[in-house]
Amino acid sequence: MFASLSDRLTATFKNLRGKGRLSESDVNSTIRDIRLALLDADVALPVVKRFTSSVRERALGAEVSQALNPAQQVVKIVQEELVAILGGQTRTIRFAKQPPTVIMLAGLQGSGKTTFAGKLGKWLKDQGHTPLLVAADLQRPNAVTQLEVVGERAGIPVFAPERGNMGGHDAVLGSGEGTRSFGDPVAVSQMGIEQARAKQYDVVIVDTAGRLAVDANLMQQASDIRTAISPDEVLFVLDAMIGQAAVETAQAFHEGVAFTGVVLSKLDGDARGGAALSVAELTGEPIMFASTGEKVTDVEVFHPDRMASRILD
Ligand code: GDP
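Since we're looking at a predicted model, the values are computed, not measured.

Neighbouring the ligand are 17 residues, the closest being Gly110, Thr114, Thr115, Gln146 and Glu294. With respect to the ligand, the side chain of glutamine 146 contributes an N or O atom lying 2.6 Å from an oxygen atom. Contact with the protein chains removes 79% of the 580 Å² of surface that the ligand exposes when unbound. At 4 residues, helix H5 (residues 113–126) tops the list of elements feeding residues into the shell around the ligand. Per-class residue counts for the shell around the ligand are 1 nonpolar, 10 polar and 6 charged.

Within this numbering scheme, the UniProt entry marks residues 286–299 as carrying the feature "domain: SRP54-type proteins GTP-binding" (unreviewed entry). For residues 286–299, helix accounts for 0% and strand for 43%, while the C-alpha atoms at its two ends are 16 Å apart.

Moving on: helix H8 (residues 216–229). For H8, built from 14 residues, the straight-helix expectation of 20 Å at 1.5 Å per residue is met to within 8% by its first-to-last C-alpha distance of 20 Å. Of the residues making up H8, those classed as buried are Leu218, Met219, Gln221, Ala222, Ile225 and Ile229. Looking down the long axis of H8, one finds its buried residues gathered within 160 degrees of arc, a one-sided arrangement. Turned more than 90 degrees off the buried face of H8, the exposed positions are Ala216 and Thr227. Structurally, H8 contributes buried residues whose contacts are with strand S1 (101–106), helix H7 (185–199), strand S4 (203–208) and helix H9 (245–257). Regarding H8, its N-cap is aspartate 215, as a side-chain oxygen of that residue lies 3.1 Å from the backbone nitrogen of asparagine 217 further along. Backbone geometry just downstream of H8 places serine 230 in the positive-phi region, at approximately 35 degrees.

Their axes nearest at 10 Å, the elements helix H2 (residues 24–40) and helix H3 (residues 45–60) cross at an angle of 160 degrees. When the axis of H2 is compared with that of H3, the two are roughly antiparallel. Of the two elements, H2 crosses H3, and the hand of that crossing is right-handed. Touching Glu24, Val27, Asn28, Ile31, Ile34, Arg35, Leu38 and Leu39 of H2 are Leu45, Val48, Lys49, Phe51, Thr52, Val55, Arg56, Ala59 and Leu60, all from H3. Class assignment for the residues of the contact of H2 with H3 results in 11 nonpolar, 2 polar and 4 charged.

One finds Phe116, Leu120, Leu235, Phe253 and Phe289 to be the most contacted residues of the largest nonpolar core, which totals 95 residues. The biggest single contributor to this core is helix H4 (residues 70–85), with 7 residues. The residues contacting phenylalanine 116, other than those within four sequence positions of it, are Leu105, Leu235, Val237, Val263, Phe289, Ser291 and Val299.

The buried count for S4 comes to 6 of 6 residues, which makes it a mostly enclosed element. Every second residue of S4 is oriented toward a common face, with Val203, Ile205 and Asp207 on one face and Val204, Val206 and Thr208 on the other, all of them buried. Of the strand pairs in this sheet, S1 and S4 are connected by 5 bridges, and their pairing is parallel. Looking at the pairing, isoleucine 103 lines up with isoleucine 205 of S4. As judged from the 6 bridges shared by strand S2 (residues 131–136) and S4, these two strands associate in the parallel manner. Across the sheet, residue valine 134 finds its bridge partner in S4, namely valine 206.

With that settled, consider unusual backbone geometry. Of note, the amide linkage connecting proline 99 to proline 100 takes the cis form, showing an omega dihedral of 5 degrees. Residue placement: proline 100 occurs in the loop between H4 and S1. In this structure, aspartate 42 is a non-glycine residue whose phi angle is positive, near 80 degrees. In this model, serine 230 sits at a positive phi of 35 degrees, which is unusual for a non-glycine residue. Here serine 230 is to be found in the loop between H8 and strand S5 (233–239).

The subject of this paragraph is the environment of phenylalanine 159. Topologically, phenylalanine 159 is positioned in strand S3 (residues 158–159). On the basis of relative accessible area, phenylalanine 159 is assigned to the buried category, the value being 12%. Sequence spacing of phenylalanine 159 and alanine 240 is 81 residues, and the spatial spacing of their C-alpha atoms is 29 Å. Non-local contacts of phenylalanine 159, meaning those with residues more than four positions away in its chain, are made with Leu132, Leu133, Val134, Ala135, Val188, Met191, Gly192 and Gln195.

Okay, H9 next. With 13 residues, H9 should reach 18 Å at 1.5 Å per residue; the first-to-last C-alpha distance of 18 Å fits that figure. Among the residues of H9, those classed as buried are Ala246, Val247, Thr249, Ala250, Phe253 and Val257. Against S1, H8, S5, helix H10 (274–277) and helix H11 (279–283) lie the buried residues of H9. Positive phi appears at alanine 258, one or two residues downstream of H9, with a value of about 45 degrees.

Tallied over the full model, the rule gives 13 salt bridges. Of the charged contacts, one joins arginine 197 and glutamate 194 as a salt bridge, the two residues approaching to 3.1 Å between their closest N and O atoms. Of this pair, arginine 197 and glutamate 194 both sit in helix H7, 3 residues apart, roughly one helical turn. The exposure class assigned to arginine 197 is partly exposed, which follows from its relative accessible area of 47%. Among the salt bridges present, the one from arginine 211 reaches aspartate 215, with a minimum N-O distance of 2.3 Å. Taken together, the salt bridges that share partners define one network made up of Arg58, Lys76, Glu80 and Glu81.

About the cut-offs
- Residues numbered from 1 in each chain as written.
- Predicted model: local features only at pLDDT ≥ 70, side-chain atom pairs only at ≥ 80, totals over all residues.
- Heavy atoms only, no water.
- Near = heavy atom within 4 Å.
- Polar contact = N/O pair within 3.5 Å; in protein donor to acceptor, adjacent residues only side chain to side chain.
- Areas by Shrake-Rupley, 256 points an atom, 1.4 Å probe, with all protein chains shown as cover.
- Helix = DSSP H or I, 4+ residues; strand = E, 2+ residues; numbered from the N terminus.
- Nonpolar A, V, L, I, M, F, W, Y, C, P; charged D, E, K, R; others polar.
- UniProt positions renumbered as here; feature names shortened; annotations may be inferred.
- Expected span 1.5 Å × (residues − 1).
- Buried < 20%, exposed > 50% of the residue type's maximum accessible area, 1.4 Å probe, protein only.
- Arc of directions from axis to C-beta.
- Contact = heavy atoms within 4.5 Å.
- Axes fitted to C-alpha atoms, helices over the stretch in contact; angles between N-to-C directions.
- Parallel < 35°, antiparallel > 145°, perpendicular 65-115°, else oblique.
- Left-handed = near helix turned anticlockwise from the far one by under 90°.
- Core = buried A, V, L, I, M, F, W, Y, C linked by side-chain atoms within 4.5 Å.
- Pairing = 2+ DSSP bridges.
- Salt bridge = Lys/Arg side-chain N within 4 Å of Asp/Glu carboxyl O.

The structure is reproduced here in structure tokens:
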């Protein structure tokens, strides 16, 4: 996904090679090139500004290493700042002391939430956990079936409301076209967690409803679920292909559901993706997983340092 950004940065650093000492104008022109490369890759402007100003400060400052030539020092500074923007340390799921650990998934429709639910379930199962998927996306009748298919493929059980008796409620959420729910997602989420407790599943993954765009009803519903189930983690699934819209979508979800981590999906795509790379810096929440395809195994833990190396290689 970041091939073009990577090529641009490599070309920029090539210009520095062989220089014995970097003048202030060498540093400035390098920083200008980096700035343009990041902006062209869709990295959010405030992130680019902060990034380039720390690189400039450090590159012109007194950081002198005997072991590296000036060009290598600039590359090292850029690498470290990129790791910082991507969240610094690797962080994955924090498990509850008292099982079950409850993980809620939120994000726009089509972001890859349901697919990720299966991937996360499989990832957990491979580590010896016993996850249960809960179908709390009751906006679209198909969503429940889709989660059941995903669960079956991943070999993970799914708790879904009975048809005709969707959580014992027949709630109508909001008003207008497409906002009629066919069940109460809060009740279904709670029942799923009860079921996990009763049957001793140690992790519950709650799939919630998405919309094609951020809207108040969706956010209220997700927020109500969050309040009712007090999840240990709320993971925001973000389609890296949506470009610039990633930034405002992430900010809206951060305000609406106070997510605790980000999943970048569709990183196998060829869009510019830089907006998604801005999300950790803009929200202060870590990117935990990268989703890289449609198969249940196409998922990896997101390591800021490895991603930075990949981009700068
Ligand atoms: P949801 O509406 O958020 O639950 O999204 P889905 O999980 O249904 O995914 C929407 C579409 O994106 C489906 O066609 C998935 O197969 C596809 N998809 C999900 N994750 C990935 C990914 O990491 N890479 C690619 N290429 N496609 C993905």
